[in-house]
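# Chain and residue survey
If you want the building blocks of each chain, they are given just below.
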Number of protein chains: 2
Amino acid sequence: MMNQLADAQAAFGSDEEFSIRDLCDAFDVTPRALRFYESQELIMPRRDGQRRIYTLRDRARLKLILRGKRFGFSLAEIRELLNLYDLGDGQVTQLSLTLETALGKLDELKERREEITAVIGDLENQIGLVRNMLRERGESQVS
Amino acid sequence: MMNQLADAQAAFGSDEEFSIRDLCDAFDVTPRALRFYESQELIMPRRDGQRRIYTLRDRARLKLILRGKRFGFSLAEIRELLNLYDLGDGQVTQLSLTLETALGKLDELKERREEITAVIGDLENQIGLVRNMLRERGESQVS
DNA sequence: CATGACGCTTACGTAAACGTCAACTCAAAA
DNA sequence: TTTTGAGTTGACGTTTACGTAAGCGTCATG
């Protein structure tokens, strides 16, 4: 029947807390993956007894994890990136050192963006070529 | 920067050839990796007896392979991309079908570029925050 | 009360992308 | 001619990022 009642506790507690399933559904990942990220110290949800409780902050971290993966970063590298974002939370240790790391990562990211731009350009050229071939042969059936 | 197609076509009529070591040194990969890519049909150098001989076209393909990897594409996906570039070489089969695939990949690439731009923006914000914290605390001791 | 549905941990399995090592070929150098 | 150096083919090992199955606890509903 009303499976939503299962969310009753979360509803009472707060609007900003999520079960493992909530996050899985929201980001299309498996519980196994989330537990694995936790074992790798990428997310650290608090516990209600055994059960994991995720906050909005955990959500944001997960978002970054999945983004990082799409760019070919390893989970270890992603953990580094995540640590950079933690600075806003009040941690002050070795701030300037971390700043260096951040600037490095920033350069890396910008270089990657240039690369992807180059690939996009090449691919657009190729597509132009193919379109010409189709036109010349009068076989153009695609927009 | 010249695009990959230009590189590949320059190979036409040219007699520039490379050993496996040449390519390894040029792109900082191991022979094992190149042989593996070959087993996955990403590069197909011709043989002089047993030995592999790579052309400029193979070089261009390798460049694309390594780029693709940096963006988290699997070798299987990269093979698809490479096949798109092969069209310039005279293959005409199922042109319009391939065009569809190419357009799809193009969208995917553009979306990734937007994502990476977002990440860059976030990181720049974080860096700004850290710089402020350093300034306010007057603890900026490391360059 | 029992039966799922969901979650937990522990542990082994797996696919991708190579690394590593052994054993061989083959041509050039010593 | 022996050695050396570069290249080759298996075959097995390794790391990453999970999948999968076993076995258990916990509720909420039939």
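Report on the accompanying structure. All values derive from a computational prediction rather than experimental measurement. (Residues numbered from 1 in each chain as written. Chains lettered and ligands numbered in written order. Predicted model: local features only at pLDDT ≥ 70, side-chain atom pairs only at ≥ 80, totals over all residues. Heavy atoms only, no water.)

## Section: the pattern of salt bridges
As enumerated under the stated definition, the model contains 16 salt bridges over all chains in all. The residue K110(B) makes a salt bridge to E124(A) at a minimum N-O spacing of 3.2 Å. Here K110(B) is found in helix α6 (residues 95-137), whereas its partner E124(A) is found in helix α6 (residues 95-136) on a different chain. Exposure remark for E124(A): the relative accessible area of 36% places this residue in the partly exposed category. Across the pair E108(B) and R112(B) runs a salt bridge, and its minimum N-O distance is 3.6 Å. (Salt bridge = Lys/Arg side-chain N within 4 Å of Asp/Glu carboxyl O. Helix = DSSP H or I, 4+ residues; strand = E, 2+ residues; numbered from the N terminus. Buried < 20%, exposed > 50% of the residue type's maximum accessible area, 1.4 Å probe, protein only.)

## So, the sheet that holds strand β2 (residues 46-48) of chain A
All names here are of chain A. Reading across the sheet, the three strands line up as β1-β3-β2 and stay open at both edges, with antiparallel pairing between neighbours. Both edges of this open sheet fall to β1 (17-18) and β2, since each of them pairs with a single strand only. As defined by bridge partners, β2 adjoins strand β3 (residues 51-55) across three bridges and the pair is classed as antiparallel. Opposite R47, over in β3, you have R52 as the bridge partner. (Pairing = 2+ DSSP bridges.)

## Remarks on helix α2 (residues 20-27) of chain A
All names here are of chain A. Within α2 the residues assigned to the buried category are I20, L23, C24 and F27. Axial view of α2: buried residues confined to an arc of 100°, hence all on one face. Elements that come into contact with the buried residues of α2 comprise β1, α3 (31-39), β3 and α4 (56-70). Looking one or two residues beyond α2, the residue adopting positive phi is D28, at roughly 60°. (Arc of directions from axis to C-beta. Contact = heavy atoms within 4.5 Å.)

## As for the protein's contact with DNA strand C
Around DNA strand C, a shell composed of 16 residues is seen, among which R52(A), T30(B), Y37(B), K69(B) and L75(B) lie nearest. Restricting attention to atoms of DNA strand C within 4 Å of the protein, one finds that 69% of them are sugar or phosphate atoms. For DNA strand C, a phosphate oxygen lies 2.7 Å from a polar atom in the side chain of R52(A). Elements represented by at least two residues in the surface near DNA strand C include exactly α2, α3 and β3 of chain A together with α3 (31-39) of chain B. Looking at which element gives the most residues to the surface near DNA strand C, the answer is α3(B), with four residues. (Near = heavy atom within 4 Å. Polar contact = N/O pair within 3.5 Å; in protein donor to acceptor, adjacent residues only side chain to side chain.)

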